Amino acid sequence: MDAIQNYIDHNKKRFLEELLELLRIPSVSARPEHKEDMHEAAKWIQRNMIIAGVDKAEIYETDGHPVVYGEKIIDDSKPTILVYGHYDVQPAEPLELWDSPPFEPVIKETRLHPEGAIFARGSADDKGQFFMHVKAFEAMNATNQLPCNVKFMIEGEEEVGSDHLELFCRENAEMLSCDVILISDTSVIANDVPSITTGLRGLSYVEVEVTGPNKDLHSGVYGGGVANPINVLCQMIASLKDDDNRITVDGFYDKVVELDKKEREAVNSAPFDLGEYMDELQVDEVRGETGYTTIERTSTRPTLDVNGMWGGYTGEGAKTVLPSKAYAKISMRLVPNQDPDEITELFTKHFLKIAPKSVKVEVKPHHGGHPVVTPIDTPEYKAAHEAMKRAYGREPIPVRGGGSIPIVALFEEVLNVKTVLMGFGLDSDDIHSPNEHYGLFNFYKGIETIPEYFKNYAELKQG
Ligand code: BES
Ligand code: MN
Ligand code: MN
């Protein structure tokens, strides 16, 4: 381990420079105009994996964005760790809210990152995090201390629902066969409070369209006479939650697994300061489902949120118009044992049912994903616990995460293995937001922790 640490220390500047190079490629999966950038990012990763010492690294074209696959097989009888990550990033807009351009990384200190943080889209989600694995691998390999086989699958469609990865996994199940899936795409509680994510919420995402009159109308001439689809949509959306902030969609909670008292105590024993949380977000009150704590509301309970809503005139000044159409994008975060397809269907039925006759409603499903919970009494998890404990000098706390990585449940099914979610970001790193950043401390701590994981896992697995 000393040799590995030594290697990291000697190469840490280059590791960072390489990451900055990758961050300069605007690999926004949602935007067709970035299609070429997606290929460029994939090629960059392929090249870097080869430099890091893999036996082979290949780009697999899909009907969507390419997948980069690399591997180093040292011994077929040794366990195999499959590292998953994503090189695609969320759109950077609104650009005017960034203090520096999203694809021109700069390093600045912040209150929570006194050692400095890299400001760029994708720095924490997930380029900075999956890249730690490539560099940790390089360090293990260069010092002849790779204790088991490693495979990398770095995809380009996570942020748009991993539509084509299912087929890729099914078609290449043999190539991807492994003993554990290791992912760094989540957070720790704080840099001095390590934690390991033991679950992710599922997702059902829909877009709704409400149509009133067949064309935009003068809001004076027709106003008051016909339904305004925006007003109606607002009423419909408002009715989706009751006074206790419970979701009113018929059947929504039917399959939700309620935690028992002990499990709830464990969830709530994670350090959490509500005052600090409110200060950080500048809100005077939190709001959520009655009877549950903020930790529960954001991890073990399902939710429904409007992600965007539009229609009518939104330009400068005033235009008196009674619009023909109104739209909203709605996400529902799911917990065990809710099924995304079922929930989408329940939502659709409910939404059509509550629509007044004065409008026509259409519900279009987008992507979805199943929730996952990872057990903590396994060698896979214990290896992570010990690795973090060693690297941070403190016992990591298991915490259920609120975000989603839709493909994880599918991997577990297709590859028949468990996942370990050993992420190193902070919730306050502003992923998906302007000024996304990733701490240098976090980047280097991750690179140090990963070889510990490999070593522990190989030992635990081989007895
Ligand atoms: N890395 C995130 C998920 C995440 C972040 C989990 C922090 C836990 C803590 C991932 O890239 C992501 O953003 N997923 C999307 C889902 C996707 C279908 C757009 C999400 O959760 O909204
Ligand atoms: Mn991510
Ligand atoms: Mn993301």
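Source: prediction; values computed, not measured.

Draft legend 1. Just the pattern of salt bridges, in detail. Applying the stated rule across the entire model yields 26 salt bridges. Across the pair K325 and E209 runs a salt bridge, and its minimum N-O distance is 2.8 Å. One end of the pair, K325, is in strand β14 (residues 325–334); the other, E209, is in strand β10 (residues 202–211), and 116 residues separate them in sequence. Residue K325 is classed as partly exposed on the basis of its relative accessible area, which comes to 30%. Residue E209 is classed as buried on the basis of its relative accessible area, which comes to 12%. K461 is paired through a salt bridge with E380; the nearest N and O atoms lie 3.8 Å apart. Of this pair, K461 sits in helix α13 (residues 440–462) while E380 sits in helix α11 (residues 379–392), placing them 81 residues apart in sequence. Classification of K461 by relative accessible area gives partly exposed; the value is 38%. In this structure, a network of salt bridges that share partners links the residues R14, E18, K135 and E138.

Draft legend 2. Representation of the sheet that holds strand β20 (residues 437–439) in the model. Read from one edge to the other, the open sheet built from three strands follows the order β4-β5-β20, with strand pairing classed as antiparallel. The open sheet has two edge strands, β4 (106–108) and β20, and neither has a second partner. Across the sheet, the mean angle from the axis of one strand to that of its neighbour is 30 degrees, orientation sign disregarded. With three bridges connecting them, β4 and strand β5 (residues 117–119) associate as antiparallel partners. Pairing of I107 across the sheet is with I118, part of β5. Packing of α13 onto the sheet brings it into contact with β4, β5 and β20, and relative to β20 it is tilted by some 60 degrees.

Draft legend 3. Quick look at the domain arrangement of the chain. As far as domains go, the chain holds domain 1 (2–200 + 371–462) and domain 2 (202–256 + 302–369). Between the C-alpha centres of domain 1 and domain 2 the distance comes to 35 Å. Taken together, the contacts link 10 residues of domain 1 with 10 residues of domain 2. A combined buried area of about 690 Å² lies between domain 1 and domain 2, and 61% of that area is made up of carbon and sulfur atoms. When the buried area of domain 1 at its contact with domain 2 is split by residue, P371, S404 and P406 rank highest and sum to 61% of it. Inspection of the domain 1/domain 2 interface yields zero salt bridges. On the surface where domain 1 and domain 2 come into contact, there are two residue pairs in polar contact (both at pLDDT 80 or more). Among the residues making up the side of domain 1 that touches domain 2, the classes are represented as five nonpolar, four polar and one charged.

Cut-offs used in this document
- Residues numbered from 1 in each chain as written.
- Chains lettered and ligands numbered in written order.
- Predicted model: local features only at pLDDT ≥ 70, side-chain atom pairs only at ≥ 80, totals over all residues.
- Heavy atoms only, no water.
- Salt bridge = Lys/Arg side-chain N within 4 Å of Asp/Glu carboxyl O.
- Helix = DSSP H or I, 4+ residues; strand = E, 2+ residues; numbered from the N terminus.
- Buried < 20%, exposed > 50% of the residue type's maximum accessible area, 1.4 Å probe, protein only.
- Pairing = 2+ DSSP bridges.
- Axes fitted to C-alpha atoms, helices over the stretch in contact; angles between N-to-C directions.
- Contact = heavy atoms within 4.5 Å.
- Domains from an automatic or database assignment.
- Buried area = accessible area lost by both parts, 1.4 Å probe.
- Polar contact = N/O pair within 3.5 Å; in protein donor to acceptor, adjacent residues only side chain to side chain.
- Nonpolar A, V, L, I, M, F, W, Y, C, P; charged D, E, K, R; others polar.

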